[in-house]
Amino acid sequence: MTTMTNASVREFKMPDVGEGLTEAEILKWYVQPGDTVTDGQVVCEVETAKAAVELPIPYDGVVRELHFPEGTTVDVGTSIIAVAVAGGAAEEEAPAAPEPARAEQPAPAEQPAEPEEKPAARQPVLVGYGVSTSSTRRRPRRTPAPDAAAEQAAVAVQAELNGHGAPAGPAVPGERPLAKPPVRKLAKDLGVDLATVTPTGPDGIITREDVHAAVAPPAPRETAPAAVVAAAPAPAAPVSYDSARETRIPVKGVRKATAAAMVGSAFTAPHVTEFVTVDVTRTMKLVEELKQDKEFAGLRVNPLLLIAKALLVAIRRNPDVNASWDEAAQEIVVKHYVNLGIAAATPRGLIVPNIKDAHAKTLPQLAGSLGELVSTAREGKTSPAAMQAGTVTITNVGVFGVDTGTPILNQGESAILAVGAIKLQPWVHKGKVKPRQVTTLALSFDHRLVDGELGSKVLADVAAVLEQPKRLISWA
């Protein structure tokens, strides 16, 4: 987003990269004051809550000032760099001129709604081109008639009883309050009249917290003697700690987003985890054979490749597991595609990029996509788009020598498969105890979507394929 502050200086603002994010941390500046920049040149790298993104400048000029140092978290829409450009007319946004004063006239009982202005053309949501204008508009309000004053007073009293105090903008009698369907249902269940609730959400929308606040008992009030002046509360003492014995790390970026997603998932979706231990000796032999196959020349071939293919086969045999829960619509959304997420540990924290339409890929194509996904994640170049719209996920805890775990669902997904370490263990094979390569699989799933039978079938199918890889052909 850019604005002109004079005839030759443009301010480049922290853009919205199209993911609905509100802030980003400036990781690195690639330019300094006095440097010449050209249209499309990358000037800095920022870290959002999802990934690191490079920002290009959308015009030519000379850098005049960097408004923030590296390591600063900046809100979207805030100017971060000033660039002097050659020529150009001033494009400073002037404030709207106030309307001329009008003689006071008695307010009519109801004024006609003003005609809606045609919304400005939406700017392309690209890196370096700013925040798109909100498409949400408030309904036109009507001026209440003088005889409605008593009714509004009653609304104010009710709001006071709800613990809000005088509402900043009470709903006009006859006008429908702004609230989403789940919030309306919550208000109905709790017996709350939405017309008496003061909204705190964006654009005057009533939130679930507003409804809960409306039913909470008001805090008791203590009337102090008039002669006694209430003492100002003492400022909270700063938290002290021994820096030699403790290190405090700010929670931001990917770590902050991961924490919010895990809390949201753990306390929203009822998790169930099932386990199975399986002999994967034949799968490991197949991995070695594929490494010698010319079709896989230059591709990354490892057990994760066949585990991913086994999970895709299990989903094809049990398609209802590939779904999501739509709370607002109270619907289960079954996906007819699989965007397969792979949990990856990076220096910036845990991320889960996914392979789009993994169900439609051949084994060599899947190997290529896995290799690209892993290398991009290690370089810290995973794009936000690569981490969106996942349907199921695999987390390979076995690389750390761990037998298994109880993974938390990636928020919005129905299932996650944890793969433990593959170890040589004594195993009964053809009636005799022999050393075999064995691993333990754990499948966590959202019990709102997946019942025990369906979850068990999916896990059993994955194990069956890994025990007998020829099922990749017979079940295809």
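The rules behind each value
Note that residues are indexed from 1 along each chain, following the sequence as it is written. Whole-chain, interface and lining totals are the exception, using all residues; otherwise, since this is a predicted model, local features are given only for residues with pLDDT of at least 70 and side-chain atom pairs are given and counted only at 80 or more. Note that the side-chain values use all heavy atoms of the structure and ignore hydrogens as well as water. Counting from the N terminus, the helices are DSSP H or I runs at least four residues long and the strands are E runs at least two residues long. By definition, residues are in contact when any of their heavy atoms lie within 4.5 Å. Values of pLDDT, which run from 0 to 100, indicate the predictor's confidence residue by residue. Note on pairing: two strands pair once DSSP finds at least 2 bridges between them. To obtain each axis, a line is fitted to C-alpha atoms, and for helices this fit is confined to the stretch in contact; angles are then taken between N-to-C directions over 0 to 180 degrees. Should an angle lie under 35 degrees it is considered roughly parallel, over 145 roughly antiparallel, and from 65 to 115 roughly perpendicular; all remaining angles are considered oblique. Note on convention: near helix rotated counterclockwise from far helix by under a right angle means a left-handed crossing. Clockwise means right-handed. By this rule, a helix spans an expected 1.5 Å times one less than how many residues it contains. Any residue with relative accessible area above 30% and no salt bridge may belong to a patch, with like charges joined within 9 Å and the nonpolar Val, Leu, Ile, Met, Phe, Trp and Tyr side chains within 5 Å. Accessible surface is estimated by sampling points in the Shrake-Rupley manner with a 1.4 Å probe; for residues, cover comes only from the protein chains shown. The rule for a salt bridge is simple: a side-chain nitrogen of Lys or Arg has to be within 4 Å of a carboxyl oxygen of Asp or Glu. We treat Lys and Arg as the positive residues and Asp and Glu as the negative residues; His and chain ends play no part in the count. Just so you know, the charge point we use is NZ for Lys, CZ for Arg, CG for Asp and CD for Glu. The buried label goes to any residue with under 20% of its type's maximum accessible area, the exposed label to any with over 50%, and the partly exposed label to all in between, with areas taken from a 1.4 Å probe on protein chains only. Regarding the arc, it is the one traced by the directions from the helix axis to the C-beta atoms. Joining through side-chain atoms within 4.5 Å is the link that ties buried Ala, Val, Leu, Ile, Met, Phe, Trp, Tyr and Cys residues into a set, and such a set is a nonpolar core. Polar contact is defined as a pair of N or O atoms within 3.5 Å, subject to the rule that within protein one atom must be able to donate a hydrogen and the other to accept it, and that residues adjacent in sequence are counted only when both atoms are side-chain atoms. Residue polarity is assigned by list, with Asp, Glu, Lys and Arg as charged and Ala, Val, Leu, Ile, Met, Phe, Trp, Tyr, Cys and Pro as nonpolar; anything else, Gly included, falls into the polar class.

1. Regarding the overall build of the protein
No. 1: Looking only at helices and strands, one finds nine helices and 20 strands in the protein.
No. 2: The contacts of the protein with a sequence gap of at least 6 include a subset with a gap of at least 24, amounting to 63%.

2. Examining the side chain of D446
No. 1: Topologically, D446 is positioned in strand 20 (residues 432-446).
No. 2: In this view, D446 contacts A269, P270, L409 and S414; residues no more than four positions away in its chain are not counted.

3. Considerations on the confidence of the model for the protein
No. 1: Looking at the protein, pLDDT values average 78 and 72% of them are 70 or higher.
No. 2: With pLDDT under 50 throughout, residues 2-7 is counted as low confidence; its partners more than four residues away or in other chains account for 23 contacts.
No. 3: Segment residues 89-146: pLDDT under 50, and 70 contacts once partners within four positions in sequence are set aside and those in other chains are kept.

4. Brief notes about the sheet that holds strand 6 (residues 52-56)
No. 1: On the basis of which strands lie adjacent, the open sheet formed by four strands has the order 6-5-3-8 and antiparallel pairing. One side of each edge strand has no neighbouring strand; the edge strands of this open sheet are strand 6 and strand 8 (73-75). If you compare each strand with its neighbour and ignore which way they point, the axes differ by 40° on average.
No. 2: Taken together, the three bridges between strand 3 (residues 23-29) and strand 8 define a ladder with antiparallel strand orientation. Within strand 8, the residue paired with A24 across the bridge is V74.

5. Digging into the packing of helix 6 (residues 303-317) against helix 7 (residues 363-378)
No. 1: Direction vectors running N to C along helix 6 and helix 7 enclose 120°, while the axes themselves pass 10 Å from each other. It follows from the interaxial angle that helix 6 and helix 7 lie oblique. Crossing geometry of helix 6 relative to helix 7 is assigned as right-handed. On the side of helix 6, the interface is formed by L304, L305, L306, A308, K309 and L312, while helix 7 contributes L363, L366, A367 and L370.

6. Observations regarding helix 8 (residues 452-467)
No. 1: With 16 residues, helix 8 should cover 22 Å at 1.5 Å per step; its first-to-last C-alpha distance of 22 Å lies within 8% of that length.
No. 2: On its buried side, helix 8 packs onto strand 10 (271-279), helix 5 (281-291), helix 6, strand 18 (415-419), strand 20 and helix 9 (471-474).

7. Digging into a positive patch on the surface
No. 1: Where like charges cluster on the molecular surface, the positive patch consists of K285, K430, K432 and K434.
No. 2: Inspection of the secondary structure puts K432 in strand 20.

8. Focus on helix 2 (residues 181-190)
No. 1: All buried positions along helix 2 are accounted for by V183, R184, L186 and A187. One side of helix 2 carries all its buried residues, which in axial view fall inside an arc of 160°. The exposed set on the far side of helix 2, more than 90 degrees from its buried face, consists of P181, K185, K188 and D189.

9. So, the nonpolar core
Where a protein is soluble and globular, its nonpolar side chains tend to be buried together.
No. 1: Within the largest apolar cluster, 50 residues are counted, with the highest numbers of intra-cluster contacts made by L305, L311, L340, I394, L417, L441 and V462.
No. 2: Every element with two or more residues in this core is listed here: helix 5, helix 6, strand 13 (340-342), helix 7, strand 17 (392-396), strand 18, strand 20 and helix 8.
No. 3: If one sorts the elements of this core by residue count, helix 6 sits on top with eleven residues.
No. 4: Beyond its immediate stretch of four places on either side in the chain, L311 contacts L340, V392, I394, L417, V458 and V462.

10. Let's talk about the environment of T72
No. 1: Position of T72 relative to the elements: it lies in the loop between strand 7 (61-66) and strand 8.
No. 2: C-alpha separation for the pair T72 and L27, spaced 45 residues apart in sequence, amounts to 7.9 Å.
No. 3: When neighbours within four sequence positions are excluded, T72 is seen to be in contact with A24, E25 and I26.

11. Points about unusual backbone geometry
No. 1: Positive phi, close to 50°, is recorded for D357, a residue that is not glycine.
No. 2: Relative to the elements of secondary structure, D357 occurs in the loop between strand 16 (354-355) and helix 7.
No. 3: The backbone of K430 sits at a positive phi, close to 55°, despite the residue not being glycine.
No. 4: Its location among the elements puts K430 in the loop between strand 19 (423-429) and strand 20.

12. Digging into the pairing of strand 7
No. 1: Two strands pair when backbone bridges link them, and strand 4 (residues 36-37) and strand 7 are joined in this way by two bridges, in the antiparallel orientation. Bridge assignment links T36 to a residue of strand 7, and that residue is V62.

13. Observations concerning a nonpolar patch on the surface
No. 1: On the surface, V399, F400 and V402 cluster together into a nonpolar patch covering about 310 Å² of accessible area.
No. 2: Of note, V399 is situated in the loop between strand 17 and strand 18.
No. 3: Accessibility expressed as a relative area gives 58% for V399, which makes it exposed.

14. Things to note about the side chain of T440
No. 1: Mapped onto the elements, T440 comes out in strand 20.
No. 2: Within the local environment of T440, its side chain forms a polar contact with the side chain of T277, the two groups lying 3.2 Å apart.

15. Details of the pairing of strand 9 (residues 79-84)
No. 1: Two elements, strand 2 (residues 9-13) and strand 9, share five bridges in a ladder whose sense is antiparallel. Its bridge partner lying in strand 9, V9 is registered against A84.
No. 2: Pairing geometry for strand 7 and strand 9, over four bridges, is antiparallel. Each bridged residue has a counterpart across the sheet, and for V62 the counterpart in strand 9 is A84.

16. Digging into the pattern of salt bridges
No. 1: Tallying each qualifying case throughout the model produces seven salt bridges.
No. 2: Note that E54 and K381 form a salt bridge whose closest N and O atoms lie 3.7 Å from each other. One end of the pair, E54, is in strand 6; the other, K381, is in the loop between helix 7 and strand 17, and 327 residues separate them in sequence.

17. Concerning the packing of helix 6 against helix 8
In a pair of packed helices, the angle between the axes and the distance between the axes together describe the arrangement.
No. 1: At a closest axis distance of 8 Å, the pairing of helix 6 and helix 8 adopts a crossing angle of 135°. Judged on the interaxial angle alone, helix 8 and helix 6 are oblique. Regarding helix 6 and helix 8, the two cross each other, and that crossing is right-handed. In this structure, helix 6 uses L306, I307, A310, L311, V313, A314 and R317 to contact helix 8, whose residues at the interface are V458, D461, V462, V465 and L466.
No. 2: Split by residue class, the contact of helix 6 with helix 8 holds ten nonpolar, no polar and two charged.

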